[in-house]
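Listed here are the chains, written in short residue letters.
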Amino acid sequence: MTALASRRGVLPALSLLAGFALWELAGRAGISSALPPFSDVLAAIGEEWTSAAFWSATATTLAAIALGLPIAIGLGIVVGVIMGMLRVVAWLLSPYVAMFLSVPLTALVPVLLLVFGLTRTAVIVAIFVYTFFVVALSTQAGVENVDRGLLDMARSFRARRTLVIRRIVLPSALGITLAGVRIAVGRAVKGAIVTEQIIGLLGLGGRVQRLGGAFAVEELYAVVLFIGLLGLGSMELVRLVERSHGQARVS
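The sections below set out a description of the structure shown in this document. Just so it is clear, the model here is predicted, and its values are computed rather than measured. Here, residues in each chain are numbered from 1, in the same order as that chain's written sequence. Totals for whole chains, interfaces and linings use every residue, but because this is a predicted model, local features are given only for residues with pLDDT of at least 70 and side-chain atom pairs only at 80 or more, for both listing and counting. Each side-chain value is derived from all of the structure's non-hydrogen atoms; neither hydrogens nor water enter the calculation.

### Some points on the overall build of the protein chain
The condition is simple: Secondary structure elements follow DSSP: runs of H or I of four or more residues count as helices, runs of E of two or more count as strands, with numbering from the N terminus. Working definition: with a 1.4 Å probe on protein chains only, accessible area under 20% of the residue-type maximum means buried, over 50% means exposed, and in between means partly exposed. Only the protein chains shown count as cover for residues, with accessible areas throughout obtained via the Shrake-Rupley method and a probe of 1.4 Å. Neither His nor the chain ends contribute to the count of charged residues, in which Lys and Arg are positive and Asp and Glu negative. Note on charges: their place is set at NZ of Lys, CZ of Arg, CG of Asp or CD of Glu.
Looking only at helices and strands, one finds 10 helices and 0 strands in the protein chain. Ordered by position from N to C terminus, the α and β elements of the protein chain give α-α-α-α-α-α-α-α-α-α. Its C-alpha atoms put the protein chain at 70 × 55 × 30 Å along the principal axes. A total of 251 residues make up the protein chain; the buried ones form 38% of that total. With the model as given, the accessible surface of the protein chain reaches about 13,700 Å², and the carbon-plus-sulfur share is 70%. Mean positive and mean negative side-chain charge positions of the protein chain (20 and 12 charges, respectively) differ by 17 Å.

What follows is the structure in structure tokens.
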């Protein structure tokens with residue numbers, strides 16, 4: 001297990017290093033003025049990541065995610081459990097789940113801006129809409145895969161529905177639910193950035209928009225890298241929870 005865990009950590013790091021090396025070579029080759037060498041971006045990172053404006057934008061984005069994502073996860077799990085246990089509810093809600101999962105975020109954001117204006121509320125609602133349905137669908141799938149033998153045994157003992165959900169359904173569905181939560185975390189970062197970009201005034205997305213408009217290429221890449229690392233780190237935290245849950249079930 002230790003060797004496997006080591007490979008899981010080392011191989012992604014080596015992959016990133018190889019990507020950065022290729023980036024440096026492509027930048028040095030002068031393929032495009034929009035693709036500077038990675039060493040130039042590193043220099044910009046030193047300036048950008050230590051600026052007050054950058055951290056103010058970061059705080060704005062993280063606050064929106066912290067407000068929208070937990071609500072989406074909590075309600076998504078509740079709705080997913082209901083959909084998984086009550087077939088009628090699943091039939092009623094499935095068109096909305098499919099529709100909101102297939103409609104691009106960029107098509108939804110203008111509608112949200114019309115309703116909520118150029119405010120942080122629009123960003124929070126966009127995060128909720130972009131993540132809620134993923135969690136609900138994954139939770140539904142997890143509930144539908146619960147061992148029916150366990151459910152029949154619980155019914156034979158006349159266990160209360162709340163007890164069945166708490167002791168059987170939720171623990172059994174947790175693995176698939178966490179996979180949905182991991183995807184939702186990445187979508188939350190993406191949803192926040194895209195909405196902020198369209199608004200053009202808030203958070204890291206707004207900073208990306210301003211730097212791109214000013215043709216500050218190195219600084220732009222510095223912010224984009226931070227956003228990528230933020231999403232990567234957030235999803236990895238959820239993955240660690242998934243692994244610990246899987247090891248607990250095995251043991």
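### Remarks on helix α6 (residues 120–144)
Quick reminder of the rule: Every helix has an expected span of 1.5 Å times one less than the residues it contains.
A rise of 1.5 Å per residue sets the reference length of α6, with its 25 residues, at 36 Å; its end C-alpha atoms lie 36 Å apart and thus fit the reference within 8%. Where burial is concerned, most of α6 is hidden: 18 out of the 25 residues are buried.

### Description of the nonpolar core
Applied cut-off: Among buried residues, those of type Ala, Val, Leu, Ile, Met, Phe, Trp, Tyr and Cys that are joined through side-chain atoms within 4.5 Å constitute a nonpolar core.
Core analysis: the biggest nonpolar cluster contains 35 residues, and Ile65, Leu69, Ile127, Leu204, Val223 and Ile227 have the highest contact counts within it. Mapped by element, the contributors of at least two residues to this core are α3 (52–85), α5 (105–116), α6, α8 (161–199), α9 (203–213) and α10 (217–250). The greatest single-element share of this core, amounting to 9 residues, is contributed by α8. Formed by 8 residues, the second largest nonpolar core is a distinct cluster that contains Ala72, Ala90, Val129 and Phe132.

### A word on the environment of Ala72
To keep things clear, this is the line we draw: Whether two residues touch is decided by their heavy atoms; if any such pair falls within 4.5 Å, the residues are in contact.
With respect to the element layout, Ala72 can be found in helix α3. Of the residues examined, Ala72 reaches a relative accessible area of 0% and is grouped as buried. With 61 residues separating them in the primary sequence, Ala72 and Phe133 have C-alpha atoms 8.2 Å apart. The contact partners of Ala72, leaving out residues within four places of it in the chain, are Phe128, Thr131, Phe132 and Val135.

### Quick word on the packing of aromatic side chains
The geometry of an aromatic ring pair is captured by two quantities: the separation of the ring centres and the angle between the planes. Formally: Pairing of aromatic side chains requires ring centres within 6.5 Å, counting the rings of Phe and Tyr and the six-membered ring of Trp. Pairs whose planes differ by under 30 degrees are stacked, by over 60 edge-to-face, and all others tilted. The criterion is that NZ of a Lys, or CZ of an Arg, lies within 6 Å of the ring centre and within 35 degrees of the ring normal, and then a charge sits over that ring.
Summed over all chains, the structure comprises 12 aromatic pairs. Considering the side-chain rings of Phe128 and Phe132, the 5.2 Å spacing of their centres and the 15 degrees angle between planes classify their relative orientation as stacked. Taken together, the residues Phe128 and Phe132, both in helix α6 and 4 residues apart, mark about one turn of the helix. For Phe132, a relative accessible area of 11% corresponds to the buried category. Plain terms: the ring middles of Phe132 and Phe133 are 4.9 Å apart, the flat faces sit at 80 degrees to each other, and that makes the pair edge-to-face. The ring centre of Tyr130 lies 3.8 Å from the NZ or CZ of Arg187, which sits over that ring.

### Brief notes about a nonpolar patch on the surface
This is how it is decided: Like-charged residues within 9 Å of one another, or nonpolar side chains (Val, Leu, Ile, Met, Phe, Trp, Tyr) within 5 Å, are grouped into patches, provided each residue has over 30% relative accessible area and no salt bridge. Each reported salt bridge corresponds to a side-chain nitrogen of Lys or Arg within 4 Å of a carboxyl oxygen of Asp or Glu.
Judged by side-chain polarity, Val10, Leu11, Leu14 and Leu17 come together as a nonpolar surface patch covering roughly 380 Å² of accessible area. Looking at the secondary structure, you find Val10 in helix α1 (residues 2–28).

### Quick word on the environment of Val89
Here Val89 lies in helix α4 (residues 87–102). Apart from residues no more than four positions distant in its own chain, Val89 is found in contact with Ile82 and Met83.

### Quick word on the pattern of salt bridges
For side chains of opposite charge, pairing can occur when their charged atoms come near one another. Applying the stated criterion across every chain, the model contains 4 salt bridges. Glu24 is paired through a salt bridge with Arg28; the nearest N and O atoms lie 2.8 Å apart. Residue Glu24 and its partner Arg28 are located together in helix α1, separated by 4 residues, close to a single helical turn. Residue Arg28 is classed as exposed on the basis of its relative accessible area of 56%. For Glu48, the salt bridge goes to Arg207, with nearest N and O atoms at 2.4 Å. Of this pair, Glu48 sits in helix α2 (residues 38–48) while Arg207 sits in helix α9, and the two are 159 residues apart along the sequence. The class of Arg207 is buried, set by a relative accessible area of 14%.

### Description of unusual backbone geometry
The phi dihedral of Phe215 is positive, around 55 degrees, even though this residue is not glycine. Tracing the backbone shows Phe215 in the loop between α9 and α10.

### Concerning the packing of α3 against α9
If you want to describe how two helices pack, look at the angle between their axes and the distance between the axes. Quick reminder of the rule: In this analysis an axis means a line fitted to C-alpha atoms, helices contributing only their contacting stretch, and an angle means the value between N-to-C directions, from 0 to 180 degrees. Orientation categories follow fixed angle ranges, with anything under 35 degrees roughly parallel, anything over 145 roughly antiparallel, 65 to 115 roughly perpendicular, and all other angles oblique. Classification convention: Asp, Glu, Lys, Arg as charged; Ala, Val, Leu, Ile, Met, Phe, Trp, Tyr, Cys, Pro as nonpolar; all other residues, Gly among them, as polar.
One can describe the packing of α3 onto α9 by two numbers: an axis separation of 6 Å at closest approach and a directional angle of 135 degrees. Considering their axes alone, α3 and α9 lie oblique with respect to each other. Across the interface between the two elements, Ala53, Phe54, Ala57, Thr58, Thr60 and Thr61 of α3 pack against Gly203, Leu204 and Arg207 of α9. Its residues assigned to classes, the contact of α3 with α9 comprises 4 nonpolar, 4 polar and 1 charged.

Treat this as a map of the structure, not an account of what it does.
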